[in-house]
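A structural walkthrough
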Amino acid sequence: MLVGDSWGKMLRLGVLCGTVCLLAGLGQVRAGDGQADVIAEMKARLEALERQNFELMKRLEGGAAPIAVRTEAAEGGAEPADPASVRKIVGDYLKEIDTQKKKADEAKKLVDEQEGFTVGKDLSMTARWNHGLMLETKDKAFRIHPVGRLQVDWVGVSASDSFQFGPGGTGEIQDGVDFRRARVGVEGTMWEVFNFWFEPDVMNTFATPATGVRNPFFMPANTDMWFEYDKLPTLGTIRAGSLKPAISMEHITSSRFLDYMERSLMFDCFVGGLDNGFQVGLLQYRTFLEQRVGIMNSLTKNTSSVVGSNIGDGEYSWSTRIWGQPYWEHDGRCFMHLGLAVQHRSLDDHLYRYRSRIALRNGPAALHTPLLDLSVAGEGQTMLCPEFVVVNGPFSIHAEYLACWHSDAITDFERPLGPNTPLNVNVNTAPNLGTYFTQGGFVSVMYFLTGEHKAYDRRQGIWTRIVPHENFFHVRDGDGNGLFGRGAWQIGARYSFVDLEDTLVNGGTMHSLVLGLNWFTNPNMKWQFNLGIDRRQVPVGTDGWVRTLGVGHRLDF
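Just so we're clear, the structure is a prediction, and the values are computed from it rather than from any experiment.

Rules behind the numbers
Residues numbered from 1 in each chain as written. Predicted model: local features only at pLDDT ≥ 70, side-chain atom pairs only at ≥ 80, totals over all residues. Heavy atoms only, no water. Phe/Tyr/Trp six-rings, centres within 6.5 Å; stacked < 30°, edge-to-face > 60°. Buried < 20%, exposed > 50% of the residue type's maximum accessible area, 1.4 Å probe, protein only. 1 Å grid on protein atoms, 1.4 Å probe; cavity = no way out; pocket = protein on both sides within 12 Å on 5 of 7 lines; lining within 4 Å. Points joined across faces, edges and corners; volume = space filled by probe spheres on them. Nonpolar A, V, L, I, M, F, W, Y, C, P; charged D, E, K, R; others polar. Helix = DSSP H or I, 4+ residues; strand = E, 2+ residues; numbered from the N terminus. Contact = heavy atoms within 4.5 Å. Polar contact = N/O pair within 3.5 Å; in protein donor to acceptor, adjacent residues only side chain to side chain. Core = buried A, V, L, I, M, F, W, Y, C linked by side-chain atoms within 4.5 Å. Salt bridge = Lys/Arg side-chain N within 4 Å of Asp/Glu carboxyl O. Pairing = 2+ DSSP bridges.

Observations concerning the packing of aromatic side chains
- All told, the structure shown has 18 aromatic pairs when counted by the stated rule.
- Arranged with centres 4.7 Å apart and planes meeting at 70°, the rings of Tyr352 and Tyr354 form a pair that is edge-to-face. Each member of the pair Tyr352 and Tyr354 is classed as buried.
- Members of the aromatic cluster, joined through ring pairs, are Phe270, Tyr352, Tyr354 and Tyr436.

Here it is as structure tokens:
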């Protein structure tokens, strides 16, 4: 049977598509064992297609009579192929070409994997945006990423006059605005297996000691400033420099990815309230069983200063943290995280200050109001911190508990130079109370109203960046119509507590409830709205409530 102009055009298009696919496949095939015959056959078919295409174009462009398309059966006297048969022939042929191309691509990929690449052979870099400017070589053996974060907070505080100015009161608690963090630096990779991160904080403060007036002075402080050796056999990764000791998932998670404007009371009192959470030392970590189990160890110099430097015999801190995901589904959209960390540290100058501030920071660190403040001398501290996380799509629960045993506790001593000065105590001669037990913890529940889920880094067992399904924008198109993107919206609530009371020392307790609303306008920016309600109970002084309302804006890249 005859095929009209429309079928001729369809056949022409099919042949042209087949030719393009065949050429693409030939460009990907690498001659090797078993490939030469395939290439020869494909070249022969290409030549036949080109001849047939030439004849078809001459007939169609010259207005020739319709083309007769015959099958082998038709040539023997049977009926010509109908249009459905033609479509099937062309479709089958295109599928065959696609199959050959896939086989060629797989063969090339296998050869490339076997051959590998030479580190440093290609040093040309290209730039792209990956939640920040990224310069990297094609093999990613060299990478440069400028980093920075800016966090601004506005906090209003409300408390009764009796709580502030009564016997044993806190003193005046004022509203505040503050650049909570301002950091700029660079991180990257060299020679494939060497990573580095340099990002000091330029907005830390300190106060002059014992002057009667708290005058804050701004100064740079150590935060993430380290280098590491990656992909080591058995050891995995070893990091050295200013880093976070291996305890508490909330602690190790970057401030860029916190659910609330501040970490919990537990962190502030036991983990990082005096040294920003950073100490100078070594950190080792690695994962097993396809990243379902991980271990992290650190050895650092214990300090109570944000500058990181410290002088003193001993005064080391050792930590070990293990974690795993007994349940992991849907690429991390649904999983369970279980972790446990233990830490032992010798005290800096034989002293530790148990301090707990209000849930939201009202101004520079030197002006913060502590609600609990107890200094205890002694030999050292041993801490145990279990972690529990469940993520089920947009819903998540995160809970941690910390138990602290303070050995050879001494509370009866004088400190003539003021509350921020070091104190050397002879723990061998001073009367001590034995082991002082303290504790703290938190539980947080979060829910994404827009369907996202919390992002998790399996290499270190911590939270990481949230990428909204849709960024926020509000613009007009060429016709003046409004276009709108909503961003990602998340709500949550966290309860945390600190208990400094036991049979030896009655240091008081604190309870805190924080309600939060997070608006992620894009992967690099978010607004945080927090309402905090704190309750202090002390053996000597005035019990009471503090209410805080905070708005924070976060930018990082």
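So, next bit.
Focus on empty space enclosed by the protein
- Within this structure, the stated rule accounts for three cavities of 30 Å³ or more.
- Of the pockets and cavities examined, the largest cavity occupies roughly 170 Å³.
- Taken together, 21 residues line the largest cavity, and the ones lying closest to its centre are Arg256, Phe257, Ile466, Phe520 and Lys526.
- Across the lining of the largest cavity, the residue classes break down as nine nonpolar, five polar and seven charged.
- Of the pockets and cavities examined, the second largest cavity occupies roughly 120 Å³.
- If you go around the second largest cavity, you meet 13 residues; those closest to its centre are Glu250, Leu258, Asp259, Tyr260 and His398.
- When grouped by side-chain class, the residues that make up the lining of the second largest cavity number five nonpolar, three polar and five charged.

Some details on the layout of surface pockets
- Approximately 1,100 Å³ is the volume attributed to the second largest pocket.
- Those elements that provide at least two residues to the lining of the second largest pocket are strand S5 (143–159), strand S6 (176–190), strand S7 (194–207), strand S8 (216–232), strand S9 (236–243), strand S10 (279–288) and strand S20 (462–463).
- Ranked by residue count, the leading element in the lining of the second largest pocket is S8, at five residues.
- For the lining of the second largest pocket, the per-class residue count stands at eleven nonpolar, nine polar and 15 charged.

Overview of unusual backbone geometry
- Residue Glu315 is not a glycine yet carries a positive backbone phi of 60°.
- Taking the relative accessible area as the measure of exposure, Glu315 reaches 8% and is therefore buried.
- Positive phi values are uncommon outside glycine, yet His350 reaches one of about 60°.
- Residue placement: His350 occurs in the loop between strand S13 (334–346) and strand S14 (351–357).
- Under the relative-accessibility criterion, His350 is labelled partly exposed at 28%.

Focus on the environment of His337
- Structurally, the position occupied by His337 is in strand S13.
- Assessed through its relative accessible area of 0%, His337 is described here as buried.
- Once the C-alpha coordinates of His337 and Val391 are considered, the two residues, 54 residues apart in sequence, prove to be 8.6 Å apart.
- Dropping the residues within four chain positions of it, His337 is found in contact with Met249, Arg321, Trp323, Gly324, Glu387, Phe388, Val389, Tyr456 and Gly461.
- A distance of 2.7 Å separates the side chain of His337 from the side chain of Tyr456, its partner in a polar contact.

With respect to the nonpolar core
- One finds Ile173, Phe270, Tyr354, Leu402, Tyr436, Leu500 and Val546 to be the most contacted residues of the largest nonpolar core, which totals 37 residues.
- Listed by contribution, the elements that provide at least two residues to this core are S5, helix H7 (265–271), S14, strand S15 (370–377), strand S16 (380–392), strand S17 (395–407), strand S18 (436–448) and strand S23 (488–501).
- Take this core: its biggest share by element is six residues, from H7.

Notes on the pattern of salt bridges
- Taken as a whole and judged by the stated rule, the model has 20 salt bridges.
- Two residues, Glu187 and Arg143, come together in a salt bridge whose shortest N-O distance is 2.8 Å. Of this pair, Glu187 sits in strand S6 while Arg143 sits in strand S5, and the two are 44 residues apart along the sequence. Taken as a pair, Glu187 and Arg143 share a single burial class, namely buried.
- With a closest N to O distance of 3.5 Å, Asp268 and Arg361 form a salt bridge. Of this pair, Asp268 sits in helix H7 while Arg361 sits in the loop between S14 and S15; the two residues are 93 residues apart in sequence, bridging distant segments of the chain. Each member of the pair, Asp268 as well as Arg361, is classed as buried.

Focus: the side chain of Ser319
- Its place among the elements puts Ser319 in strand S12 (residues 316–329).
- Separated by 2.8 Å, the side chains of Ser319 and Gln343 make a polar contact.
- Excluding residues that lie within four positions of it along the chain, Ser319 makes contacts with Pro245, Ala246, Met296, Asn297, Ser298, Val342 and Gln343.

Here's the deal with the pairing of S9
- Within S9, seven of the eight residues are buried, which leaves the element mostly enclosed by the surrounding structure.
- Here seven bridges tie S9 to S10, and the two strands are oriented antiparallel to one another. Note that in S10 the partner of Ser242 across the bridge is Val280.

Concerning the pairing of S16
- Bridging between S13 and S16 involves 13 bridges; their strand directions are antiparallel. Residue pairing in the sheet places Cys334 in a bridge with Asn392 of S16.
- Here S16 runs beside S17; their pairing, made up of eleven bridges, is antiparallel. Bridging across to S17, Thr382 finds its partner in Trp405.
- The antiparallel pairing of S16 with S17 creates a hairpin that spans two residues between the two strands, and Gly393 there sits at a positive phi of about 65°.

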